[in-house]
Amino acid sequence: MLGLRQNLAQFILLVAVNALVGGTLGQERTVLPLLAADAFHLDLYTSALTYILAFGLSKAVMNYFAGTLSDRFGRKPVLVAGWLAAIPVPLMLIFGPAWAWIVAANVLLGISQGLTWSTTVVMKMDLVGPSRRGLAMGLNEAAGYLGVAVTALATGYLASAYGLRPAPFLLGGAFIAVGLSLSVLTVRETRHHALLEAQTHVDTHSHAHGGLTNRQVFTLTSFRDRSLSAVSQAGMVNNLNDGLAWGLFPVLFAASGLGLEQIGILAAAYPAVWGAGQLVTGAASDRWGRKGLIVAGMLVQAAGLATVAASHSFWPWLAAAVLLGLGTAMVYPTLLAAIGDVAHPAWRARAVGVYRLWRDSGFAVGALLSGLLADLYGIAVAVAAVAALTAASGLVVAFRMPGRNGASGGTRPV
């Protein structure tokens, strides 16, 4: 049976699991950029950002395979496999004697995040059906990024009190143990819910029927469908600026004389507002439509990034982090819900995988672009350039995505 109320217990369990997925990622947000400089003496920003490049590429690829594998073998086995891939990560971060170990740990972390986070997204879509999709995505992403925020704040305090290693990464190890246990023992398969929805699904246009091949799903999501392609590019740019914030913001703050506790607050504020805001924005997109929130959210993100580039002290940076988090909250669950609006239930998991492939490749593009610009012109110029790119992405959605949800008024390919 479809519906949030009918599947509330499993839905809440999956929200908790995704909070742990976010916490596993959050163990790095405050500490790792500082570890690159202090423990491994990496001077160039492009060298320090190699771990984000490794993470982004591996996560992007696994997002794609997560959708394909969950359609073939079921959702739960993919979720469990993702947790198993994360087991070595805290140990490698704690004991790694060379930077190559840290990069390798982030390859595994990307694999884990691609499998676990993608699967929790698809499972929640399976459970709630079409009417509450925005709410479901808001709750899912809120849990994940509040997990990131709380862990980023906690690891900042742990690093300040006990050093950069090992204390902050012990928290990540605990999250992995609990997440794996819950996924094995209590999470139930949801693929049959998607098959049930497919029986009554109405195609948004003739090219979005249920019998598409993997190649057709990829090309439709990436290029041919006006809504799906607009959403995919916006997701990519969103995570491009998140990769910038992850890799360079702590370095910028430290260079301006902020202490570890203040850096931890700034590193946590952005995902905290992002996470909490999605409790409202996901449901709002069900009522107000997807397109307006996506466009406005990209422009608010651009304003936050521009404020970071122009500022030099804690309080303006805190205001910028709030703006960046608010804009991302407007965009993040709405993009996922828009994919679900157009995609047929028979290949929705694969469409989500393709979207998340493009979206999380933004981490890699952001690491390369922002690192190169920072090396050549300084961090402020890199942040300003990404702000302009983010604003341009919002305009692409405004002009390319039809209707208010992307599915209304037809979504004819071009």
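Heads up: these notes are all about the structure in this document. For clarity, every value in this text was computed on a predicted model and none was experimentally measured. Numbers given to residues run from 1 along each chain, matching the order in which its sequence is written. pLDDT decides what is reported in this predicted model: residues at 70 or higher carry local features, side-chain atom pairs at 80 or more are listed and counted, and totals for whole chains, interfaces and linings draw on all residues regardless. Water and hydrogen atoms were dropped before computing side-chain values, which therefore reflect all heavy atoms in the structure.

### Brief notes about the environment of Trp 315
Right, so step 1: Each helix corresponds to a stretch of at least 4 residues labelled H or I by DSSP, and each strand to a stretch of at least 2 residues labelled E; elements are numbered beginning at the N terminus. Here Trp 315 is to be found in helix H15 (residues 314–342).
Right, so step 2: Throughout, exposure labels follow a simple rule: accessible area from a 1.4 Å probe, protein chains only, divided by the maximum for the residue type, with under 20% read as buried, over 50% as exposed, and the rest as partly exposed. Here Trp 315 falls in the exposed class, since its relative accessible area comes to 64%.
Right, so step 3: Sequence separation of Trp 315 and Leu 266 is 49 residues, and the distance between their C-alpha atoms is 9.5 Å.

### Quick word on the nonpolar core
Most often, soluble globular proteins keep nonpolar side chains buried together rather than apart.
Right, so step 1: Only buried residues count toward a nonpolar core. Its members are Ala, Val, Leu, Ile, Met, Phe, Trp, Tyr and Cys residues joined through side-chain atoms within 4.5 Å. Core analysis: the biggest nonpolar cluster contains 112 residues, and Trp 83, Phe 249, Phe 253, Leu 305 and Val 383 have the highest contact counts within it.
Right, so step 2: Discounting residues that sit within four places of it in the chain, Trp 83 has contacts with Val 17, Leu 20, Val 21, Thr 24, Ser 112, Thr 116, Phe 175, Ile 176, Gly 179, Leu 180 and Ser 183. Should any heavy atoms of two residues lie within 4.5 Å, those residues are counted as being in contact.

### A look at empty space enclosed by the protein
Right, so step 1: Two kinds of site are reported from a 1 Å grid over the protein atoms alone, namely cavities, where a 1.4 Å probe fits but cannot get out, and pockets, open sets with protein on both sides within 12 Å along at least five of seven lines, and residues are called lining when an atom falls within 4 Å of a point. Grid points are joined across faces, edges and corners, and a volume is the space filled by probe spheres set on the points. Considering all chains together, one arrives at 3 cavities of 30 Å³ or more under this definition.
Right, so step 2: Approximately 140 Å³ is the volume found for the largest cavity.
Right, so step 3: In terms of lining residues, the largest cavity is bounded by 13 residues, among which Ala 245, Phe 249, Leu 266, Ala 267 and Tyr 270 are the most central.
Right, so step 4: Put simply, the parts of the chain that give the lining of the largest cavity at least two residues each are helix H12 (226–255), helix H13 (260–288) and H15.
Right, so step 5: Top contributing element to the lining of the largest cavity by residue count: H12, with 5 residues.

### A look at the side chain of Arg 290
Right, so step 1: As for its placement among the helices and strands, Arg 290 is situated in the loop between H13 and helix H14 (291–310).
Right, so step 2: Take Arg 290: its relative accessible area is 3%, and that puts it in the buried class.
Right, so step 3: Side-chain polar atoms of Arg 290 contact the side chain of Ser 285, separated by 2.7 Å.
Right, so step 4: What Arg 290 contacts, discounting residues up to four positions off in sequence, is Arg 133, Gly 134, Ser 285, Thr 334, Ala 337, Ala 338, Asp 341, Met 401, Arg 404 and Asn 405. Under the rule applied, a polar contact is a pair of N or O atoms within 3.5 Å (in protein, one hydrogen donor and one hydrogen acceptor; residues adjacent in sequence only if both atoms are side-chain atoms).

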